Amino acid sequence: MRSPLPDAAHVSRPVQSPLSAARAFGRWLLRMRTAIFLLLALAAGSAVGSLMPQRPVDPAAVDGWIARHRALAPLAERFGLFDVFGAWWFMAIYLLLVVSLTGCVVPRLRAFARAVRSRPRARASFDGLPLRRAIAVPLVAVSAGDPVLEAAARALRRRRFRVARAGAQVAAEKGYLREGGSLLFHSALLALLLGATIGRGFGFTAQVAVVEGGGFTDTHVAYDSIREGRFFGERHRGFRVALEAFDVRWHSDGVPADFVSRVRVLEGDRVVRRAAIRVNHPLAYRGVRVYQIAWGWAPRVRVTQRGRVLADGEVVFLDDRATGAFRGVVKAPSAAPAQLGLEMWLYNDLGIARGRVPFNRSPQARRPVLLYQEHRGDLRLDRPQSVYQLDPVGLVPGGAGTVPLGDTAVLGDGIEVSFPGLKQYSVFQVASDPGTPVALAAAVLALAGLLAALYTSRRRVWVRAEPGGDSIRLDVAGLAFQRKAAFEEEFEGLVRDLRERLGGAVLARPGDPPGAPDPTVRPAGVRGR
Amino acid sequence: MIDPALARLSDNLFWIALVAYSVAMVLLFAGLAYRARLAGSAGTAVAALGAGAHALSIAARGLAAARAPWGNMYEYSSMVGFLVVAGYLFSVDRRLGLREIGGFAMGAAVLALAAARLLYAPAGPLVPALGSYWLKIHVVAAIVGSSLFALSFIFTALYLFKDRAGGRAPAALTGSTVGAAWSGATAGVEEGFPRDHLDDEEARGAAGPAGGRPDRFPSAAALDSLAHRTVAFAFPVWTFAVIAGAIWAHEAWGRYWGWDPKETWAFITWVIYAGYLHARATAGWRGRRAAVVAAIGFASLLVTYYAVNLWIVGLHSYAR
Ligand code: HEM
């Protein structure tokens with residue numbers, strides 16, 4: 001890699017053995033190429049992750065894809081294409097990038113620290129520098145060379161250059177912010193990755209559906225689904241969140257305006273907090289944040305058989321994309337003579353379209369009706385199964401019907417299904433991410449570093465005094481590493497300034513035709529940028 | 001809640017802007033092809049009128065729905081079209097004096113507005129997830145960044161075209177020889193000094209061959225440099241947009257980064273443009289190879305916005 005602040009070896013001695021230069025160049029190129037390649041590989045990998053269905057996001061979509069691409073599925077599985085962001089090769093790219101980034105930031109940091117501490121260096125020769133000017137200062141104006149150089153140094157300091165004197169030369173440099181900003185940016189990227197890693201390792205993310213009047217306790221078992229970091233160590237806080245009410249406000253055209261979960265936070269029996277959790281306004285408590293992410297209907301379903309209660313309670317119904325209704329399942333294993341499973345759809349505002357297709361007329365609970373489909377046989381509850389699904393293997397479909405809110409339907413064998421109440425449930429995302437402050441700080445620093453790196457430039461100026469016959473010849477040379485056109489103007493301004501202060505005349509440059517106009521005097525009408 | 005009269009007014013002004021941009025595009029191209037000053041000036045004036053109508057359309061839309069007018073794809077595309085025109089008028093035309101690019105800028109704006117029209121949604125309230133001030137910040141940054149990337153893509157595309165056309169370009173497109181001289185000296189090193197990006201090369205190409213008519217179309221080198229400077233401006237804005245989006249996601253969804261398709265593609269776009277800046281700053285890639293990277297970056301930006309919203313389901317597509 002090119003040394004970030006090229007020192008004298010780079011600038012003042014371009015005569016280097018071509019072989020070693022080529023080797024250095026090759027090494028540098030290799031690293032740079034690697035970094036860019038890794039970056040683009042990361043981009044390509046994440047593109048795959050966004051195009052393939054991802055198991056952590058939508059397991060059903062993955063099953064669908066596998067069913068549709070039987071031949072390709074094993075290969076996709078093998079390369080972790082269903083969980084790209086957790087796949088070994090994605091991790092490998094990520095780790096290589098971290099190593100590469102560290103590998104290039106650390107030496108640059110060291111070189112930068114050295115450069116900041118060192119003084120600008122004098123140059124043996126001004127040959128080859130892009131900007132050159134010479135000023136003849138009449139000896140009558142000054143007694144010797146030194147005050148002239150002093151004046152030049154002062155002018156440069158006024159322009160906030162760092163200035164060093166070396167014999168009959170002044171060397172000045174400005175714009176360390178550029179390399180500093182670039183380093184800040186790249187280091188902050190590392191810090192950002194660190195923050196993300198801390199969050200994954202020491203935090204947890206969980207989801208839980210809570211029916212109005214219910215609640216959940218921050219423990220491992222209380223959540224419907226949970227992902228805990230490897231180093232989280234089950235350090236749940238154990239407080240309880242009780243959902244008192246859940247409200248949805250609607251705009252007139254059926255677009256939701258706001259979802260609000262009114263909750264109490266309890267430590268033991270003591271209420272420590274009351275809060276309204278709404279979208280974009282999570283509850284933060286003891287390093288855990290509780291977010292409002294979804295909601296749905298939870299009808300109370302009561303199943304009895306000749307006065308004996310088989311099932312009773314609020315059942316969480318999930319949003320059913322296929323029908324536009326909410327779908328749930330009630331299992332009654334103690335029904336006789338066979339076990340009973342009810343598959344149900346809730347229409348909160350039932351309308352019947354032509355062709356007898358049921359639909360929801362509005363999102364409000366204006367006319368709630370349950371549709372049910374009986375299944376009799378063996379529920380196979382001895383196997384692990386979802387509370388939202390029936391296992392169809394041992395079941396035979398039976399009759400179907402409807403139950404409006406407050407009503408009861410009579411099935412065979414003296415079984416009655418009633419729908420005495422309708423509540424809503426709220427789905428909370430519960431998360432603890434101790435890496436967030438690190439990541440946020442890193443992101444802010446990265447942005448600051450980026451701005452400094454992109455919008456500042458590094459430049460050097462040298463001034464040399466040579467006594468002549470009746471004047472002192474002041475040679476001024478400049479070099480900008482970036483923003484060369486802007487520096488040209490700055491440089492001309494500096495030369496003009498020196499000439500005016502010292503009362504000298506700017507000499508025509510070597511190569512200029514005799515009698516060329518003073519190049520520091522701009523003709524009127526030329527617009528600078 | 002929704003003011004239908006204002007909403008209608010907004011739609012009508014939108015059509016006026018679309019027609020004005022189309023007319024301006026024709027006039028500006030005519031001005032370029034026939035070196036007709038008058039056509040160019042008329043085109044610029046019509047474009048400015050269109051931009052005025054467009055600004056009013058956007059404002060009326062916001063007032064009609066009583067919210068910031070950047071809540072869906074129609075509004076986003078419309079804003080991008082507006083900013084491309086505004087950016088062209090204020091920066092490219094007035095500051096740099098590059099009227100020759102105008103037809104292309106208007107063409108881009110017409111495309112953005114056509115896309116907006118295809119994605120039209122009536123003025124309406126936002127779903128709750130969008131009701132956050134981080135949304136406003138994030139989306140504004142994304143729109144500004146996208147518009148700048150779009151402008152830079154115009155320069156990149158023209159550069160690639162011109163660079164390939166070389167000496168055989170149609171009269172109106174032949175530039176100065178600066179481009180050629182330049183590509184010879186683009187080894188990444190100039191007199192032993194590292195070349196760097198953001199060097200303000202003359203934005204306009206020098207006059208044509210001595211004795212010939214002065215050629216006003218910018219040289220390939222100038223286009224390349226403009227493209228680069230515009231990306232260097234857009235990149236921090238985009239970085240900020242991604243950060244603001246992450247903060248918003250943290251507020252709304254309980255995680256600041258989840259590899260949601262929209263996040264993923266915003267990241268891919270960011271990485272490709274970072275690759276472009278790297279290529280120019282450190283690897284010494286200039287010209288065609290870097291321009292191709294920039295063009296890929298822009299394609300990725302289009303995927304980030306259009307393809308992800310239309311075809312890839314994620315948290316950002318508020319379909320229901
Ligand atoms: C992995 C090894 C990396 C190396 C060796 C590296 C090296 C460099 C160097 C030397 C510069 C400075 C250019 C200059 O100051 O003129 C630079 C700039 C930059 N880097 Fe990296 N970088 C690496 C990774 C990354 C990553 C992961 C990103 C983010 C996607 C990134 C984004 C940038 C950007 C945006 C700039 C432009 C800022 C500027 O021009 O100073 N780099 N990089």
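What counts, and where the lines are drawn
- Residues numbered from 1 in each chain as written.
- Chains lettered and ligands numbered in written order.
- Predicted model: local features only at pLDDT ≥ 70, side-chain atom pairs only at ≥ 80, totals over all residues.
- Heavy atoms only, no water.
- pLDDT = per-residue confidence, 0-100.
- Contact = heavy atoms within 4.5 Å.
- Salt bridge = Lys/Arg side-chain N within 4 Å of Asp/Glu carboxyl O.
- Helix = DSSP H or I, 4+ residues; strand = E, 2+ residues; numbered from the N terminus.
- Buried < 20%, exposed > 50% of the residue type's maximum accessible area, 1.4 Å probe, protein only.
- Donors = N, O, S within 2.8 Å, 3.2 Å for Na, K, Ca; no water.
- Tetrahedral: all angles 85-135°; square planar, octahedral: opposite > 155°, others 65-115°.
- Polar contact = N/O pair within 3.5 Å; in protein donor to acceptor, adjacent residues only side chain to side chain.
- Pairing = 2+ DSSP bridges.
- Axes fitted to C-alpha atoms, helices over the stretch in contact; angles between N-to-C directions.
- Expected span 1.5 Å × (residues − 1).

Novice: How do you make sense of the confidence of the model for chain B when you look at a structure like this?
Specialist: A low pLDDT means the predicted coordinates there should not be read in detail. Residue and element names in this part refer to chain B. Looking at chain B, the pLDDT average stands at 78 and 78% of residues meet or exceed 70. Low pLDDT, under 50, characterises residues 167–214; the predicted model gives this stretch 103 contacts beyond four residues in sequence or across chains. Segment residues 315–320: pLDDT under 50, and 15 contacts once partners within four positions in sequence are set aside and those in other chains are kept. Scoring of the predicted complex yields 0.81 for pTM and 0.81 for ipTM.

Novice: How should the pattern of salt bridges be read in this particular structure?
Specialist: Any two side chains of opposite charge can pair if their charged atoms end up close together. All names here are of chain A. Taken as a whole and judged by the stated rule, the model has 35 salt bridges over all chains. Between Glu-244 and Arg-264 there is a salt bridge whose closest N-O contact spans 2.8 Å. Of the two residues, Glu-244 sits in strand 7 (residues 240–250) while Arg-264 sits in strand 8 (residues 256–267), which places them 20 residues apart along the sequence. Across the pair Arg-278 and Asp-258 runs a salt bridge, and its minimum N-O distance is 3.1 Å. Taken together, the positions of Arg-278 in strand 9 (residues 270–278) and Asp-258 in strand 8 put the pair 20 residues apart, joining distant regions of the chain. The class for Arg-278 is partly exposed, based on a relative accessible area of 28%.

Novice: Sorry, what's going on with the coordination of the iron atom of the ligand here?
Specialist: Metal coordination angles in their ideal form are 109.5 degrees for the four-donor tetrahedron and 90 or 180 degrees for the six-donor octahedron. Protein coordination at the iron atom of the ligand comes from His-186 of chain A (NE2) and His-278 of chain B (NE2), with a distance range of 1.9 Å. In this structure, the iron atom of the ligand is coordinated by six donor atoms arranged in octahedral fashion, with angles at the metal of 78 to 178°. Of this pair, His-186 of chain A sits in helix 7 (residues 176–202) while His-278 of chain B sits in helix 8 (residues 261–281), on two different chains. For His-186 of chain A, a relative accessible area of 12% gives the class buried. Here His-278 of chain B falls in the buried class, since its relative accessible area comes to 18%.

Novice: I tried to follow unusual backbone geometry on my own but got confused; where do I start?
Specialist: Outside of glycine, negative phi angles account for most residues, and trans bonds account for most peptide bonds. Residue Pro-337 of chain A follows Ala-336 of chain A across a cis peptide bond; omega there is 0°. One non-glycine residue with positive phi stands out, namely Arg-306 of chain A, at about 50°. By the element assignment, Arg-306 of chain A lies in the loop between strand 11 (288–305) and strand 12 (308–314). The backbone of Ala-66 of chain B shows a phi angle near 55°, a positive value even though the residue is not glycine. Counting through the fold element by element, Ala-66 of chain B comes out in the loop between helix 2 (37–65) and helix 3 (73–95). The exposure class assigned to Ala-66 of chain B is exposed, which follows from its relative accessible area of 55%.

Novice: I keep staring at the side chain of Arg-61 of chain B and nothing clicks. Help me out?
Specialist: Residues and elements named next belong to chain B. Here Arg-61 is to be found in helix 2. Separated by 2.7 Å, the side chains of Arg-61 and Glu-75 make a polar contact. Sequence-distant contacts of Arg-61, that is, excluding residues within four places in its chain, are made with Ser-10, Asp-11, Pro-69, Asn-72, Tyr-74, Glu-75, Tyr-120, Ala-121, Pro-122 and Ala-123.

Novice: Can you walk me through the sheet that holds strand 5 (residues 215–217) of chain A in this structure?
Specialist: What links the strands of a sheet is backbone hydrogen bonding, and the strands pair in either a parallel or an antiparallel sense. Residue and element names in this part refer to chain A. Sheet architecture is open: four strands sit in the order 5-7-8-9, paired in antiparallel fashion. Each edge of the sheet is formed by a strand with only one pairing partner; in this case those strands are strand 5 and strand 9. Here the strands of the sheet are splayed against their neighbours by 20° on average, with no regard to which way each runs. For strand 7 and strand 8, the ladder comprises 10 bridges, and the chain directions are antiparallel.

Novice: Before we go on, may I ask you to explain helix 2 of chain B in this structure?
Specialist: Since there are 3.6 residues in each turn of an α-helix, residues three or four apart along the chain are aligned in direction. With 29 residues, helix 2 of chain B should reach 42 Å at 1.5 Å per residue; the first-to-last C-alpha distance of 42 Å fits that figure. Backbone geometry just downstream of helix 2 of chain B places Ala-66 of chain B in the positive-phi region, at approximately 55°.

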